[in-house]
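# Fold and geometry: a report
Here are the chains, one letter per residue:
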Amino acid sequence: MLEIKGVTAGYGDFTALFNADIEVKAGEAVAVIGPNGAGKSTLMRAISGMIPLKGGAVTMEGQDTRSIPPHKIVELGIAHVPENRRLFPRMSVEENLRVGCYAPPFRAKFSERLEFVYELFPRMKERRDQLAGTMSGGEQQMCAIGRALMSDPKILLMDEPSAGLAPVIVQQVFDLIRRIRSDGLTVLIVEQNVQQVLKVVARAYLLEAGSIRHSGSSEELLGSEDIRKAYIGV
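Scope of this entry: the structure provided in the associated data block. What you are looking at is a predicted structure, and each value in this text was computed from that prediction instead of being measured. (Residues numbered from 1 in each chain as written. Predicted model: local features only at pLDDT ≥ 70, side-chain atom pairs only at ≥ 80, totals over all residues. Heavy atoms only, no water.)

### Some remarks on the overall build of the protein
For the protein, the helix and strand inventory stands at nine helices and ten strands. Taken over C-alpha atoms, the radius of gyration comes to 17 Å for the protein, in line with the 17 Å a tight globule of 234 residues would show. In terms of principal-axis extent, the alpha carbons of the protein reach across some 45 × 45 × 35 Å. Counting over 234 residues, the protein shows a buried share of 52%. Long-range contacts, defined as pairs at least 24 residues apart, comprise 68% of the intrachain contacts of the protein with a sequence gap of at least 6. As presented, the protein carries roughly 10,900 Å² of accessible surface, and 49% of it is formed by carbon and sulfur atoms. Averaging the coordinates of the 28 positive side-chain charges in the protein and doing the same for the 28 negative ones gives two points 3 Å apart. (Helix = DSSP H or I, 4+ residues; strand = E, 2+ residues; numbered from the N terminus. Rg over C-alpha atoms; globule rule 2.2 N^0.38 Å. Buried < 20%, exposed > 50% of the residue type's maximum accessible area, 1.4 Å probe, protein only. Contact = heavy atoms within 4.5 Å. Areas by Shrake-Rupley, 256 points an atom, 1.4 Å probe, with all protein chains shown as cover. Lys, Arg positive; Asp, Glu negative; His and termini not counted. Charge placed at Lys NZ, Arg CZ, Asp CG, Glu CD.)

Now the structure itself:
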C-alpha cells in the first residue's frame, strides 16, 4: 500500500532522514521506533507532504506523491495525526472534527463519519461543544485521532500518540489503537514507548540518527538484547 524508497528529507540545509526504505502493506500495523531526534517525525511529515523530499520517493497504492500538492495528499487515503496533536484550541471539538472532513471529496460523508467517531469516542460526543484547548491531554489526543478518521482514510499515520500523557491515559491510547486495528485499518505509528507499541504492531523499523538500522517482526525486536537494553530498560 505505502512504499517509502530511498527517502531523504529535512529542513533547509539540515538533513534529518537519510535514504529510508519502509513498506506498509494493506491491513498491517507497522511501527517506527527510536530515540528522540532520530528523524521519526520528519519521516511522517515527508509522507504526508508537509515537507518536500530531498531524494527518493513515496508511493501510495502505486501513485507517486511527489506530483501531488500537499493539501491533496489526504485524498489518496493518507491521514496524519501529528505530534502534539495540533488541534485548533479556540474551536470546539466538533469544529475540529469537521476540519478532518473539509476536503470536497469527503464533505458528503460528514454526518456518517461524525457518528463513527462519536461511537468510537463517546467522550467526544459529550464534549462536542467544548473548546478543544480546554480538554485534558488524553481527550485532545482522542480528538486528534478522531479528526484524522473523519476522512475515512486507508492508512493512518500516528506521530508519538502517547507523548506527554499520564501512564493510565497511555494505556487507553494503545487500547484504542488495538480497536482501530481490529477494524482492519492500516496504521503506521512512530513512537518512543517501544515496549507498548511493539505489543500492538506486527512489524517495526528502528530509526537511529536518521537511518534505518534494523527491521523485523515485533517479536524479533522485543527479543533483541540490544533493543531491550537501549529502549526498554531491561
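### Notes on the packing of helix H5 (residues 137-149) against helix H6 (residues 167-182)
For the pair H5 and H6, interaxial distance at closest approach is 10 Å and the crossing angle is 20°. Our classification of the angle between H5 and H6 gives roughly parallel. Of the two possible hands of crossing, H5 and H6 adopt the one that is right-handed. Along the contact surface, H5 presents Gly138, Gln141, Met142, Ile145 and Leu149, while H6 presents Ile169, Gln172, Val173, Leu176 and Ile180. By residue class, the composition of the contact of H5 with H6 is seven nonpolar, three polar and no charged. (Axes fitted to C-alpha atoms, helices over the stretch in contact; angles between N-to-C directions. Parallel < 35°, antiparallel > 145°, perpendicular 65-115°, else oblique. Left-handed = near helix turned anticlockwise from the far one by under 90°. Nonpolar A, V, L, I, M, F, W, Y, C, P; charged D, E, K, R; others polar.)

### Comments concerning the sheet that holds strand E4 (residues 53-60)
Taken together, the four strands give an open sheet; going across it, the order is E2-E1-E4-E5, and neighbouring strands pair in antiparallel fashion. Two strands in the sheet have a free side with no partner beyond their single neighbour: strand E2 (14-24) and strand E5 (63-64). With respect to the sheet, helix H1 (residues 40-47) is in contact with strand E1 (2-11), E2 and E4, its orientation differing from that of E1 by roughly 115°. (Pairing = 2+ DSSP bridges.)

### As for unusual backbone geometry
Unusually for a residue other than glycine, Arg85 sits at a positive phi of about 75°. With respect to the helices, strands and loops of the structure, Arg85 is situated in the loop between strand E6 (78-81) and helix H2 (93-99).

### Examining the pairing of E1
Summarising burial for E1: seven of the ten residues are buried, a large majority. Connecting E1 to the antiparallel partner E2 that follows it, the hairpin turn spans two residues, and Gly12 within it adopts a positive phi of roughly 60°. Pairing of E1 with E4 involves six bridges; the strand directions are antiparallel. Looking at the pairing, Ala9 lines up with Leu53 of E4.

### Observations concerning the packing of aromatic side chains
Across all of its chains, the model carries zero aromatic pairs by this definition. The positively charged end of Arg98 is found above the aromatic ring belonging to Phe110, 3.9 Å away from the centroid. A cation sits over an aromatic face here: Arg113 above Phe116, 4.4 Å from the ring centre. (Phe/Tyr/Trp six-rings, centres within 6.5 Å; stacked < 30°, edge-to-face > 60°. Lys NZ or Arg CZ within 6 Å of the ring centre and 35° of its normal.)

### Details of the environment of Ala16
With respect to the helices and strands, the residue Ala16 is situated in strand E2. By relative accessible area, Ala16 is classed as buried at 12%. Each C-alpha atom of the pair Ala16 and Ser211 lies 8.8 Å from the other, and the pair is 195 residues apart in sequence. Each residue touching Ala16, except ones within four places of it in the same chain, is listed here: Ala9, Gly10, Tyr11, Ala38, Gly39, Thr42 and Gly210.

### As for the side chain of Thr59
Of note, Thr59 is situated in strand E4. Those residues within four positions of Thr59 in sequence are excluded, and the remaining contacts are Met1, Leu2, Glu3 and Asp64.

### Comments concerning the side chain of Thr65
Mapped onto the elements, Thr65 comes out in the loop between E5 and E6. On the basis of relative accessibility, which here comes to 7%, the residue Thr65 falls in the buried class. Once you skip the residues sitting within four places of it in the chain, Thr65 turns out to touch Val58, Met60, Ile73 and Leu76.

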